[in-house]
Amino acid sequence: MNPQDAHSVSVAGVIIDDQGRALLTQRRDNGHWEAPGGVLERAEDITTGLLREVEEETGLQVEPVALTGVYKNMNRGIVALVFRCKAVGGELTETDETRAFRWVTADEVRALASEAFAVRVLDAMNNDHVPAVRQHDGERLISA
């Protein structure tokens, strides 16, 4: 296989609080607001990677509740699995990857995050339990 044809897999946890708000993190590298997450290590299972990435970026321990969407960045070949989560321990802590946190409503998600990342959080905030399958170019959604 041509290395340019390879994909990477990332995971993200959309943590929902008891008021129905989602936690967004502000990345240190580019200032973007996103759900916490990152790329799975090759030998890592999906749940272990999700728990590791969320704790590394937030200081929180979470429990995955449901897979809420599968997203592909068509330009970079990254497939993201996004899960609705609930916090079960730890406390919010800034890290070398995140510089700020905000608990946000759906309207605030739309205002803070780019379309490609906002939709992940909005899909997770939707409680219909039907995972979304979407593609984007890194910023905007692309129709199938």
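These numbers come from a predicted model, not from an experiment.

Chemist: Explanation requested: the overall build of the chain in the structure shown.
Modeler: Across its full length, the chain holds three helices and nine strands. Moving toward the C terminus, one meets the helices and strands of the chain in the order β-β-β-β-α-β-β-β-α-α-β-β. For the chain, whose C-alpha radius of gyration is 14 Å, the value lies close to the compact-globule estimate of 15 Å for 144 residues. By principal-axis analysis of the C-alpha atoms, the chain measures approximately 45 × 30 × 30 Å. The buried share among the 144 residues of the chain stands at 46%. Counted over contacts in the chain with a minimum sequence separation of 6, partners at least 24 positions apart contribute 64%. Accessible area for the chain stands at about 7,900 Å²; split by element, carbon and sulfur atoms hold 48% of it. Charged side chains in the chain number 15 positive and 24 negative. The centres of these two groups are separated by 4 Å.

Chemist: Sorry, what's going on with the environment of Glu 139 here?
Modeler: Looking at the element boundaries, Glu 139 is found in the loop between strand 8 (132-136) and strand 9 (141-142). Separated by 106 residues in sequence, Glu 139 and Trp 33 have C-alpha atoms that sit 12 Å apart. In this structure, Glu 139 is in contact with His 32, Ser 114, Glu 115 and Ala 116, ignoring residues within four places of it in sequence.

Chemist: I tried to follow the pattern of salt bridges on my own but got confused; where do I start?
Modeler: Two side chains bearing opposite charge may form a pair once their charged atoms approach each other closely. Applying the stated rule across the entire model yields 11 salt bridges. Notably, a salt bridge pairs Glu 41 with Arg 52, separated by 3.8 Å at the nearest N-O pair. Taken together, the positions of Glu 41 in the loop between strand 4 (37-39) and helix 1 (46-58) and Arg 52 in helix 1 put the pair 11 residues apart, joining distant regions of the chain. Residue Glu 41 is classed as partly exposed on the basis of its relative accessible area, which comes to 47%. Here Arg 52 falls in the buried class, since its relative accessible area comes to 19%. The partner of Arg 52 in a salt bridge is Glu 53, with the nearest N and O atoms 3.1 Å apart. The class of Glu 53 is buried, set by a relative accessible area of 7%. Residues joined in a network through salt bridges with shared partners are Glu 41, Glu 44, Arg 52, Glu 53 and Glu 56.

Chemist: How do you make sense of the sheet that holds strand 3 (residues 33-34) when you look at a structure like this?
Modeler: Judged by pairing direction, the sheet is antiparallel, and its three strands sit side by side in the order 3-2-7 without closing on themselves. Unpaired on one side and paired on the other, strand 3 and strand 7 (98-104) mark the two borders of the sheet. In this structure, strand 2 (residues 22-27) lies alongside strand 3, joined through two bridges in antiparallel fashion. Counted as the bridge partner of Gln 26 is Trp 33 from strand 3.

Parameters and conventions
Residues numbered from 1 in each chain as written. Predicted model: local features only at pLDDT ≥ 70, side-chain atom pairs only at ≥ 80, totals over all residues. Heavy atoms only, no water. Helix = DSSP H or I, 4+ residues; strand = E, 2+ residues; numbered from the N terminus. Rg over C-alpha atoms; globule rule 2.2 N^0.38 Å. Buried < 20%, exposed > 50% of the residue type's maximum accessible area, 1.4 Å probe, protein only. Contact = heavy atoms within 4.5 Å. Areas by Shrake-Rupley, 256 points an atom, 1.4 Å probe, with all protein chains shown as cover. Lys, Arg positive; Asp, Glu negative; His and termini not counted. Charge placed at Lys NZ, Arg CZ, Asp CG, Glu CD. Salt bridge = Lys/Arg side-chain N within 4 Å of Asp/Glu carboxyl O. Pairing = 2+ DSSP bridges.

The values reported here are purely geometric and, on their own, carry no functional implication.
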